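So you can see what is in the structure, the chains are spelled out below.
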Amino acid sequence: MKARYKRLAIILGALASLGVATGLILNALNSNIALFVTPSEVAEGKAPQGATFRVGGLVKPGSLKRDGLTARFVVTDTSKEIPVAYTGILPDLFREGKGVVAQGKLTPSGEFTATEVLAKHDENYMPPEAKHAVEQAHKAGVTLKQ
Amino acid sequence: MSSRLINWFRYSSPATFYPLAGKLIPWFAALAVLFGVAGLWVGFFVAPTDAQQGEGYRIIFLHVPASWMSMFIYMVMAFWSAVGLSLNTRLSGIMATALAPTGAIFTALSLITGSLWGKPMWGTWWIWDARLTSELLLFFLYLGYIALRAAIDDPRRADRACAVLALVGVVNIPVIYFSVQWWNTLHQGSSISLTRSPSMAHTMLLGMLLVALAAWMYSIAVALTRARAIILERERHTDWVVRLPELNA
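Quick caveat: nothing in here was measured; it's all calculated off a predicted structure.

Novice: What is the right way to look at the confidence of the model for chain B in this model?
Specialist: Do not read the predicted coordinates in detail wherever pLDDT is low. Residue and element names in this part refer to chain B. Per-residue confidence for chain B gives a mean pLDDT of 91; residues scoring 70 or more make up 96%. Element-level mean pLDDT values for chain B span from 62 in helix 1 (residues 3–11) up to 96 in helix 5 (residues 130–151). If you check the scores for this complex, the pTM reads 0.89 and the ipTM reads 0.83.

Structure below.
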């Protein structure tokens, strides 16, 4: 084997083992890397008790109630739900039915008191007319082919 | 050795590469301007308003091409580093060195535009989610590469040390790219992927791809310019540099 192929083989081998090592480390840190827990995970008791954490999901349509500066809404992952209370200004993209990430603590009553609420938007970009058409199609019960 | 390989190696010689790069640079620069103007025009005047984000989404025409380039340039650097380590070609280290500042600039641009986009849409300038953190790590990898290069006087030793750093850092690239799939993040998923049709309007996509092409052309032009300067510096004692007509004018 020529020296240069040997060196190339060593480099590729080292890179492969480094990749595997990184993969294992990231896998072990999985729960620490995740930005938020879902309401289902909270229900399973995976959220830290008495400590600050982030919960993420969709704002349940129709659940938003405002009382002065305090907003109350329900975060859902379509199987479990968690009520959230937040005093402050909500981001512009905060919408019912859209993604949200709230940071705060779980109170004994089961309500999540948020100190920060961030909007998580999706990766779809379309003009308003197209969005309108999509919504109309949904209402008509037409399934869209992606 | 086959004749095909000999031809390849011909262009890996700085003496052959230097004039070739000089001829190519104006073309790449012109294409960069052309695609850049076309892309920004489509992005700002032709592409429709976004249904959710209004006009604010238009920063995507800078943010996404900059982020793509930041990752792609690093992969090219890692490629040249592997070539340099295994084949011991002089030009490989020069190419990797020439690319590093451009990669760092695109990474910074990606982080800055992302931050400016995050504040109005998400409600925060910065969050330590997997996507943002790994992109910041990429920025430090570029800075580390540039610093390591500057710290070693002998260019051939610097080439080898930097090549190892570049290759170690390349494991971060798939982490950045797949972070939004592997973990839950505040950053949204990819709108463009190889496995499914893009989830954005056609004119939006066109604008983004044009700016991305412009970023490619710009990167090639400036990297070649920088490579030529490095070649002159490293080979200043050789006959062919001493005899260069532009240095004797």
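Text resumes after the structure shown.
Novice: Whenever I open this one, unusual backbone geometry confuses me. Can you help?
Specialist: The phi torsion of most residues other than glycine is negative, and most of the peptide bonds are trans. The phi dihedral of T78(A) is positive, around 75°, even though this residue is not glycine. Here T78(A) lies in the loop between strand 3 (70–76) and strand 4 (81–87). T78(A) gets classed as exposed once you count the C-beta atoms within 10 Å, which come to 11. Although it is not a glycine, N88(B) adopts a positive phi angle of roughly 60°. The topology assignment puts N88(B) in the loop between helix 3 (60–87) and helix 4 (90–121). A tally of 15 C-beta atoms within 10 Å means that N88(B) is categorised as partly exposed.

Novice: Can you walk me through the nonpolar core in this structure?
Specialist: Soluble globular proteins: nonpolar side chains tend toward being buried together. Residues and elements named next belong to chain B. Counting 60 residues, the largest nonpolar core has M77, M95, A96, L99, A166, A214 and A227 as its most contacted members. Going through the elements one at a time, helix 2 (14–46), helix 3, helix 4, helix 5, helix 6 (155–169), helix 7 (172–182) and helix 8 (202–234) are the ones with two or more residues in this core. With 16 residues, helix 3 is the single largest residue contributor to this core. What M95 contacts, discounting residues up to four positions off in sequence, is W80 and A227.

Novice: Please explain the environment of P101(B) as it appears in this structure.
Specialist: Residue and element names in this part refer to chain B. Mapping P101 onto the fold places it in helix 4. Classification of P101 as partly exposed rests on a count of 16 C-beta atoms within 10 Å. Between the alpha carbons of P101 and L143 there is a distance of 8.3 Å; along the sequence they are 42 residues apart.

Novice: Mind showing me how you'd approach the pairing of strand 3 of chain A here?
Specialist: On any regular strand, side chains alternate: one points to one face of the sheet, the next to the other face. Residues and elements named next belong to chain A. Alignment of strand 1 (residues 53–59) against strand 3, held across 2 bridges, turns out to be antiparallel. Counted as the bridge partner of V59 is V75 from strand 3. Sheet analysis places strand 2 (residues 65–67) next to strand 3, joined by 3 bridges and oriented antiparallel. Within the sheet, the bridge partner assigned to D67 lies in strand 3 and is T70. Hairpin remark: strand 2 followed by strand 3, antiparallel, with 2 residues in the connecting loop; positive phi at G68, about 65°. Sheet analysis places strand 3 next to strand 4, joined by 7 bridges and oriented antiparallel. Looking at the pairing, V74 lines up with P83 of strand 4. The antiparallel hairpin formed by strand 3 and strand 4 contains 4 residues in its connecting segment, where T78 sits at a positive phi of about 75°.

Novice: Explain the interface of chain B and chain A here, please?
Specialist: Interface extent is often summarised as the accessible area lost during association of the parts. Between chain B and chain A, the residue contacts involve 35 residues of the former and 33 residues of the latter. No other element matches helix 3 of chain B, which puts 4 residues into the side of chain B that touches chain A.

Novice: Is there a simple way to explain helix 1 (residues 3–28) of chain A in this structure?
Specialist: Taking 1.5 Å per residue as the helical rise, helix 1 of chain A with its 26 residues ought to reach 38 Å, and the 37 Å between its terminal C-alpha atoms agrees with that figure. Counted residue by residue, helix 1 of chain A has 0 buried out of 26 residues, so it is predominantly exposed.

Novice: Is there a simple way to explain the packing of helix 4 of chain B against helix 5 of chain B in this structure?
Specialist: For any two helices packed against each other, one specifies the crossing angle of their axes together with the interaxial distance. Residue and element names in this part refer to chain B. As a packed pair, helix 4 and helix 5 sit with axes 9 Å apart at the nearest point and diverge in direction by 150°. Viewed along their axes, helix 4 and helix 5 adopt a mutual orientation that is roughly antiparallel. Considering the relative orientation of helix 4 and helix 5, their crossing is left-handed. In this structure, helix 4 contributes T97, A100, P101, G103, A104, T107, A108, S110 and L111 to the contact, and helix 5 contributes E135, L136, L138, F139, Y142, L143, Y145, I146 and R149. In the contact of helix 4 with helix 5, the residues fall into 12 nonpolar, 4 polar and 2 charged.

Novice: Please explain the packing of helix 5 of chain B against helix 6 of chain B as it appears in this structure.
Specialist: Residues and elements named next belong to chain B. Interaxial distance between helix 5 and helix 6 falls to 9 Å at its minimum, and their mutual angle equals 170°. As summarised for this structure, helix 5 and helix 6 are arranged roughly antiparallel, according to the angle between their axes. Listed contacts from helix 6 to L141, G144, Y145, L148 and R149 of helix 5 are A158, A161, C162, L165, A166 and G169. Residues that form the contact of helix 5 with helix 6 fall into these classes: 8 nonpolar, 2 polar and 1 charged.

Criteria and cut-off values
- Residues numbered from 1 in each chain as written.
- Chains lettered and ligands numbered in written order.
- Predicted model: local features only at pLDDT ≥ 70, side-chain atom pairs only at ≥ 80, totals over all residues.
- pLDDT = per-residue confidence, 0-100.
- Helix = DSSP H or I, 4+ residues; strand = E, 2+ residues; numbered from the N terminus.
- Buried ≥ 20, exposed ≤ 12 C-beta atoms within 10 Å, placed from the backbone.
- Core = buried A, V, L, I, M, F, W, Y, C linked by C-beta atoms within 7 Å.
- Contact = placed C-beta atoms within 7 Å.
- Pairing = 2+ DSSP bridges.
- Expected span 1.5 Å × (residues − 1).
- Axes fitted to C-alpha atoms, helices over the stretch in contact; angles between N-to-C directions.
- Parallel < 35°, antiparallel > 145°, perpendicular 65-115°, else oblique.
- Left-handed = near helix turned anticlockwise from the far one by under 90°.
- Nonpolar A, V, L, I, M, F, W, Y, C, P; charged D, E, K, R; others polar.

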